[in-house]
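# Analysis of the macromolecular model
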Amino acid sequence: MSCKLVSCLVLFFVIAVSDKSNAHTYHSGECPLVEPMSGFDMSQFLGIWYAVQKTSTASSCLIYNITRGSEPGEYLIEQTSQHFALGLTPLKHEYSYTGEITVPHRDVPAKMQVKFPLNVAGESSFTVFMTDYSNYAGIFSCQKVAFTHRQSATLLSRTRTLDKMYLDKMRTRLASHSVDPFDLSIISQTDCPKDASEGYNIHIDPDTFSAANVANVFRKAGEKIGDGVEWTIDATKKVGGVAKTILF
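Please read these numbers as outputs of a predicted model, since none were measured by experiment.

### Topic: the overall build of the chain
Each helix and strand in the chain was counted, giving four helices and 11 strands. Residues counted as buried form 48% of the 248 residues belonging to the chain. Per element, the accessible surface of the chain, about 12,000 Å² overall, is 56% carbon and sulfur.

### Structural notes on the pairing of strand β7 (residues 124-131)
Within β7, eight of the eight residues are buried, which leaves it mostly tucked inside the rest of the structure. Bridging between strand β6 (residues 111-115) and β7 involves four bridges; their strand directions are antiparallel. Its bridge partner lying in β7, glutamine 113 is registered against serine 125. The pairing of β7 with strand β8 (residues 136-145) spans four bridges and is antiparallel. Following the sheet pairing, threonine 131 is matched in β8 by alanine 137. Taking the residues between adjacent antiparallel strands as the criterion, β7 and β8 are bridged by four residues, where tyrosine 133 takes a positive phi near 70°.

### Concerning the packing of aromatic side chains
In this structure the tally under the stated criterion is five aromatic pairs. Geometrically, the ring pair formed by tyrosine 136 and tyrosine 166 is stacked, given 4.9 Å between the ring centres and 20° between the ring planes. Here tyrosine 136, found in strand β8, pairs with tyrosine 166, found in helix α3 (residues 164-176); they are 30 residues apart in sequence, far enough to count as distant. Taken as a pair, tyrosine 136 and tyrosine 166 share a single burial class, namely buried.

### Brief notes about the nonpolar core
Counting residues in hydrophobic clusters, the biggest one holds 26 residues, and the most contacted among them are Phe40, Met42, Phe45, Ile77, Met112 and Leu156. Going through the elements one at a time, α2 (42-45), β2 (47-55), β3 (60-68), β4 (74-82), β5 (94-102), β6, β7 and β8 are the ones with two or more residues in this core. Counting residues per element, this core draws most heavily on β3, at three residues. Among residues more than four places away in sequence, those in contact with isoleucine 77 are Tyr64, Asn65, Ile66, Tyr97, Thr98, Gly99, Ile101, Val114, Phe116 and Phe126.

### Brief notes about the pattern of salt bridges
When charged atoms on two side chains of opposite charge get close, those side chains can pair. Inspection of the entire model under this criterion finds one salt bridge. We note a salt bridge from aspartate 168 to lysine 164, for which the minimum N-O separation is 2.6 Å. Taken together, the residues span about one helical turn, with aspartate 168 and lysine 164 both in helix α3 at a distance of four residues. Residue classification places aspartate 168 among the partly exposed positions, given a relative accessible area of 32%. With relative accessibility at 56%, the residue lysine 164 sits in the exposed group.

### A few points about the side chain of arginine 171
With respect to the helices and strands, the residue arginine 171 is situated in helix α3. The side chain of arginine 171 sits in the buried core without any salt bridge; aspartate 168 is the nearest counter-charge, 5.3 Å away. Sequence-distant contacts of arginine 171, that is, excluding residues within four places in its chain, are made with Gln53, Leu155, Pro181, Phe182 and Leu184.

### A look at the confidence of the model for the chain
Averaged over every residue, the pLDDT of the chain is 75; residues scoring 70 or more account for 62%. Contacts of residues 9-21 to residues separated by more than four positions or lying in other chains number 33 contacts, the stretch itself having pLDDT below 50. Contacts of residues 196-200 to residues separated by more than four positions or lying in other chains number 21 contacts, the stretch itself having pLDDT below 50.

### What to know about the pairing of β2
The side chains of a regular strand alternate, first on one face of the sheet and then on the other. Across the nine residues of β2, seven count as buried, placing the element largely inside the fold. The pairing of β2 with β3 spans four bridges and is classified as antiparallel. Within the sheet, the bridge partner assigned to tyrosine 50 lies in β3 and is isoleucine 63. Linkage of β2 to β3, two consecutive antiparallel strands, is achieved through a turn of four residues, within which serine 56 is found at a positive phi near 40°. Of the pairings in the sheet, the one linking β2 to strand β10 (residues 184-186) comprises three bridges and is antiparallel in character. Residue pairing across strands places lysine 54 opposite serine 185, the latter belonging to β10.

### Points about the layout of surface pockets
Quantified by volume, the second largest pocket comes out at close to 180 Å³. Lining of the second largest pocket is provided by Cys31, Pro32, Leu33, Val34, Glu35, Pro36, Lys111, Gln113, Ser125, Thr127, Phe140 and Cys142. At the level of elements, β6, β7 and β8 are the ones that each hand at least two residues to the lining of the second largest pocket. Tallied by class, the residues present in the lining of the second largest pocket amount to seven nonpolar, three polar and two charged.

Rules of the game
Residues numbered from 1 in each chain as written. Predicted model: local features only at pLDDT ≥ 70, side-chain atom pairs only at ≥ 80, totals over all residues. Heavy atoms only, no water. Helix = DSSP H or I, 4+ residues; strand = E, 2+ residues; numbered from the N terminus. Buried < 20%, exposed > 50% of the residue type's maximum accessible area, 1.4 Å probe, protein only. Areas by Shrake-Rupley, 256 points an atom, 1.4 Å probe, with all protein chains shown as cover. Pairing = 2+ DSSP bridges. Phe/Tyr/Trp six-rings, centres within 6.5 Å; stacked < 30°, edge-to-face > 60°. Core = buried A, V, L, I, M, F, W, Y, C linked by side-chain atoms within 4.5 Å. Contact = heavy atoms within 4.5 Å. Salt bridge = Lys/Arg side-chain N within 4 Å of Asp/Glu carboxyl O. Lys, Arg positive; Asp, Glu negative; His and termini not counted. pLDDT = per-residue confidence, 0-100. 1 Å grid on protein atoms, 1.4 Å probe; cavity = no way out; pocket = protein on both sides within 12 Å on 5 of 7 lines; lining within 4 Å. Points joined across faces, edges and corners; volume = space filled by probe spheres on them. Nonpolar A, V, L, I, M, F, W, Y, C, P; charged D, E, K, R; others polar.

Right, dumping it as structure tokens:
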């Protein structure tokens, strides 16, 4: 079932006004220096990854799909998650959110930048600190915000489960760079939706915010607020971010 404009806007307005944060932790000072992996090969890193642990999130069925962009050195990252707040009916509810990855320094290919359409603070770092390409990968992101920074680590697997030895290896590496591995939440990859045509399916990508789309939504429905694919770890599991807009 496709998402009806009015019902979705109302639903996500309720989610938005109760927002807190978006799968990050906030800290004073500068971002920690997490060393990028040496000899990184982006061509082997492309494809589907399942998030098995991530900083302070209550998301479930979180999947990353990394593909090539239209220009050399540009890539797309699509995050797909199951909605918690929409999961009150038997139907599955999918939310996908696409950002753009760039490689500013070709001599350090594992140290990238990522920008999502709803991130009003701009780009954040996107560092692959370790991977064997076929089993596991570890990503660290950080963004400077005034006198603080917000950081997020994600442990990825090529399958929905990952051997403990890989998890321990990545968590130990994070700890060596003063990133607390105990901030990581376990992400459920069980009972995930198999048919994205069911339920309410929301898709946000860079084209969502074209001038034509913005004018159309503002004309029909006014300004609504929303953000991100992830759900916070707090007791009420509220969606997070700063300023948020859902456009259809």
